[in-house]
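Descriptive analysis of the structure
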Amino acid sequence: MGKGNAIPADRVTILFLVMLVAAAGNTAMQSALPAIASQLKIADVWVSLAFSWSALLWVLTAPKWARQSDKRGRKLLMTVGVIGFAASMGLCGLVLWLGLEGYIAPAVTFIVFAIFRSLYGGFGSAAPPAVQAYIAARTEREERAKALSLLASSFGLGTVIGPALAHFLIFEPFGLAGPLVVFASFGVLVLIALKLRLPNDTPRFAARGVVTSYPSAASVNRPEVEEGVEEDNALPREEVRLRWRDERFASWLMAGLIGGHAQAIMLGVVGFLIRDRLGLHDLPKETVEATGSVMFVGAMATLLAQWGLIPILSIGPRASVLWGAFLALLGIVLVGVSYDFYGITLGFALASLGFGLYRPGFTTGASLAVRRFEQGDVAGKIASLSGSAYIFTPAIGVALFNWWEPATFILMSAALLYLIIWGRRVLDDAPQPLEN
């Protein structure tokens, strides 16, 4: 395809599905895992650590895959990502089914599950930057913005679809492993469509997709294109490397670090909290349904913040971070004191609304602080920072929750309260020049 032409609709659909199926599959899995942990009698913290391992691999491999999009071909990297997703979901579903049926011991089930989950962390991260680069290499700026907006909606829609469908996908003979098996099948179908309908890419000019942070429930990743691309669409001759402590954006990254870890704890704990507080240990299907419903409402609240409130109200980065942290704090307190389904749902929705405001705030603030050719490096730092929050923090939150429930909520609340007080003093909305 030549420069300036729109991407054909059938190809856009395939790109949309590549992103959607991964987001939906991951959130469906997160809905089912608390019930699976109860059935296998595996300690909650070990289940969280399986996700930690996957998140660590994602953070380590995502920058590598993002740099490979020009060298290896975008279609190839999309294929690698979808295979990683489908293989991970299918093998994880199989080993969990074997464990639930008693064919293998719970400890062995968990170890093998963590190994198979690493396939997604190591290879699934290849797909998002390849999809972004595919779009960037075939569209001019105006058409590119529309395509990337659609791409963002696929990830957001996936976070809604996954929890909503999870409890409908529990069926014999797979039982609680059903959602994983079904989404693995969806991944295979997307892979077939990708191979048959998306031509081998030979772009006429270069474009590199930015690193995408680790996908999680109620956390919408908005894909962007590296802005180190000149008007003639050639990549910069030298890769830009900025210091993490660069005073122009260090405070925004610190805001992202604090709020991101608070959000990671909440997302790591919520499924186990719902199971415990609603007394659903021996009711696996009801656990998945209740968890999925709460996560669905949270995802909707996140989308409301990012696709509704911020554009309509034209909220600036500083206000977005501070008001988002405040709403998230209120929501976390409400979840902490609630022992019924409606209280937990309302609190989680309020917290998700707050985090939905906060996340675009700190990313936009960091972006506005640097010049155009530095955007790619800052975007990579943001993605790495966001992904790092999911390495150990959810497991720590779950461990604290099992030790003494209030400790988890005290930690999250203290972090957000500090962010509000500190952020009022140091965050500055005044944008820096975007050009030299």
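Residues numbered from 1 in each chain as written. Predicted model: local features only at pLDDT ≥ 70, side-chain atom pairs only at ≥ 80, totals over all residues. Heavy atoms only, no water.

By the naming in an unreviewed UniProt entry, the chain goes by MFS transporter and is assigned to Sphingorhabdus buctiana.

1. Looking at the overall build of the chain
Inclusion rule: The way it works is that DSSP assigns letters per residue, a run of H or I at least four long becomes a helix, a run of E at least two long becomes a strand, and they are numbered from the N terminus. Working definition: with a 1.4 Å probe on protein chains only, accessible area under 20% of the residue-type maximum means buried, over 50% means exposed, and in between means partly exposed. Under the convention used here, a 1.4 Å probe and the Shrake-Rupley method define accessible areas, while residue burial counts only the protein chains that appear.
A count of helical and extended segments in the chain gives 15 helices and 0 strands. Counting over 436 residues, the chain shows a buried share of 59%. Summed over its atoms, the accessible surface of the chain is roughly 17,600 Å², and 64% of this surface lies on carbon and sulfur atoms.

2. Points about the pattern of salt bridges
For clarity, the threshold we go by: Any Lys or Arg side-chain nitrogen located within 4 Å of an Asp or Glu carboxyl oxygen qualifies as a salt bridge.
All chains considered together, the criterion is met by 4 salt bridges. Ionic pairing is found between Asp 10 and Arg 197, a salt bridge with its closest N-O pair at 3.0 Å. Of the two residues, Asp 10 is situated in helix H1 (residues 9-40) and Arg 197 in helix H8 (residues 178-197); the sequence distance between them amounts to 187 residues. Classification of Asp 10 by relative accessible area gives partly exposed; the value is 30%. For Arg 275, the salt bridge is made with Asp 276, and the minimal N-O distance between the two is 2.9 Å. Judged by its relative accessible area of 24%, Asp 276 falls in the partly exposed class. Each of the salt bridges in this network shares a partner with another, and the network as a whole consists of Asp 44, Arg 275 and Asp 276.

3. Some words on the packing of aromatic side chains
The geometry of an aromatic ring pair is captured by the separation of the ring centres together with the interplanar angle, meaning the angle of the planes. Filter applied, for reference: Ring pairs shown here join Phe, Tyr and Trp side chains whose ring centres sit within 6.5 Å, with only the six-membered ring taken for Trp; geometry is labelled stacked below 30 degrees between planes, edge-to-face above 60, and tilted in between. A ring is considered to have a charge above it if a Lys NZ or an Arg CZ atom is located within 6 Å of its centre and within 35 degrees of its normal.
Going through the model one piece at a time under the given rule, you end up with 14 aromatic pairs. Relative to Tyr 103, the ring of Trp 97 has its centre 6.0 Å away and its plane inclined at 55°; by these criteria the two rings are tilted. When the ring of Phe 355 is compared with that of Tyr 358, the centres are 6.1 Å apart and the planes differ by 75°; the resulting orientation is edge-to-face. You can see Phe 355 and its partner Tyr 358 sitting in helix H12 (residues 341-368), 3 residues apart, about one turn around the helix. Note on Tyr 358: relative accessible area 2%, which makes it buried. Among the aromatic side chains, those forming a connected cluster through ring pairs are Trp 97, Tyr 103, Phe 171 and Phe 174. Geometry around Trp 65 places Lys 64 over its ring, the cationic atom sitting 4.7 Å from the centre. Here the guanidinium or amino end of Arg 277 rests over the ring plane of Tyr 339, the centre of that ring lying 4.2 Å away.

4. Examining the nonpolar core
Most often, soluble globular proteins keep nonpolar side chains buried together rather than apart. Counted only if it meets this: To define a nonpolar core, start from buried Ala, Val, Leu, Ile, Met, Phe, Trp, Tyr and Cys residues and group those joined through side-chain atoms within 4.5 Å. In this description, contact between two residues means that some pair of their heavy atoms is separated by no more than 4.5 Å.
If you look at the biggest cluster of nonpolar residues, it comprises 110 residues, and the most contacted ones within it are Leu 96 and Leu 416. When neighbours within four sequence positions are excluded, Leu 96 is seen to be in contact with Leu 33, Ile 36, Leu 40, Thr 109, Phe 113, Ala 177 and Leu 180. If you look at the next biggest cluster of nonpolar residues, it comprises 7 residues, including Ala 301, Ala 305, Ala 349 and Leu 357.

5. Description of a nonpolar patch on the surface
Where we set the bar: Patch construction takes residues with relative accessible area above 30% that form no salt bridge. Like charges are linked within 9 Å, and nonpolar side chains (Val, Leu, Ile, Met, Phe, Trp, Tyr) are linked within 5 Å.
There is a patch of nonpolar side chains on the surface, built from Phe 186, Val 188, Leu 189, Ile 192 and Leu 196 and spanning about 490 Å² of accessible area. Its place among the elements puts Ile 192 in helix H8. Given a relative accessible area of 44%, Ile 192 falls into the partly exposed group.

6. A closer look at helix H5 (residues 106-123)
In an α-helix there are 3.6 residues to a turn, and that puts residues three or four apart on one side. Defined as follows: For a helix, the expected span equals 1.5 Å multiplied by the number of residues minus one.
For H5, with 18 residues, the first-to-last C-alpha span of 26 Å sits near the 26 Å given by 1.5 Å per residue. For H5, the complete set of buried residues consists of Thr 109, Phe 110, Phe 113, Ala 114, Arg 117, Ser 118, Tyr 120, Gly 121 and Gly 122.

7. Quick word on the packing of helix H9 (residues 250-277) against helix H15 (residues 405-426)
In helix packing, the relevant descriptors are the interaxial angle and the interaxial distance, both defined with respect to the helix axes. Applied cut-off: Axis angles are defined between N-to-C directions and span 0 to 180 degrees, where every axis is a line fitted to C-alpha atoms and, for a helix, only to the segment in contact. Each angle is binned into one of four classes, with values under 35 degrees roughly parallel, values over 145 roughly antiparallel, values of 65 to 115 roughly perpendicular, and all other values oblique. Note on convention: the crossing is left-handed when the near helix lies turned anticlockwise from the far helix by less than a right angle, right-handed when the turn is clockwise. Only Asp, Glu, Lys and Arg are considered charged in this grouping, and only Ala, Val, Leu, Ile, Met, Phe, Trp, Tyr, Cys and Pro are considered nonpolar; every other residue, Gly among them, is considered polar.
Running from N to C, H9 and H15 point in directions that differ by 155°, and their axes come no closer than 10 Å. Taken together, the axes of H9 and H15 lie roughly antiparallel to each other. Along this stretch, H9 crosses H15, giving a crossing that reads as left-handed. Contacts between H9 and H15 involve Ser 251, Met 254, Ala 255, Ile 258, Gly 259, Ala 262, Ile 265, Met 266, Val 269, Leu 273 and Arg 277 from the former and Glu 405, Thr 408, Phe 409, Leu 411, Met 412, Ala 415, Leu 416, Tyr 418, Leu 419, Trp 422 and Val 426 from the latter. The residue inventory of the contact of H9 with H15, partitioned by class, reads 17 nonpolar, 3 polar and 2 charged.

8. Side note on the environment of Ile 315
Topologically, Ile 315 is positioned in the loop between helix H10 (284-313) and helix H11 (317-337). With a relative accessible area of 26%, Ile 315 lands in the partly exposed category. Separated by 46 residues in sequence, Ile 315 and Gly 361 have C-alpha atoms that sit 8.5 Å apart. Sequence-distant contacts of Ile 315, that is, excluding residues within four places in its chain, are made with Leu 309, Ile 310, Ser 320 and Leu 357.

9. A word on H10
To be explicit about the condition: Note on bend: at a given residue it equals the angle between the axes fitted to the 7 residues ending there and to the 7 starting there.
Spanning 30 residues, H10 covers 42 Å between terminal C-alpha atoms, matching the ideal 44 Å at 1.5 Å per step. Most pronounced at Ala 305, the bend in H10 amounts to some 35°. Of the residues one or two after H10, Ser 314 is the one with positive phi, at around 50°.

10. Overview of the packing of helix H4 (residues 74-100) against H5
Running from N to C, H4 and H5 cross one another at 170°; their axes reach a closest spacing of 7 Å. Our classification of the angle between H4 and H5 gives roughly antiparallel. Note on element contacts: H5 touches H4 through Thr 109, Val 112, Phe 113, Phe 116, Arg 117, Leu 119, Tyr 120 and Phe 123, opposite Val 80, Gly 81, Gly 84, Phe 85, Ala 87, Ser 88, Met 89, Leu 91, Cys 92, Val 95, Leu 96 and Gly 99.

11. Looking at the confidence of the model for the chain
Rules: Per residue, pLDDT measures the predictor's confidence, with a range of 0 to 100.
For the chain, mean pLDDT is 83; residues scoring 70 or higher make up 83% of the total. Under a pLDDT of 50 for its full length, residues 225-237 has, in the predicted model, 33 contacts with residues more than four places off or in other chains. Under a pLDDT of 50 for its full length, residues 432-436 has, in the predicted model, 14 contacts with residues more than four places off or in other chains.

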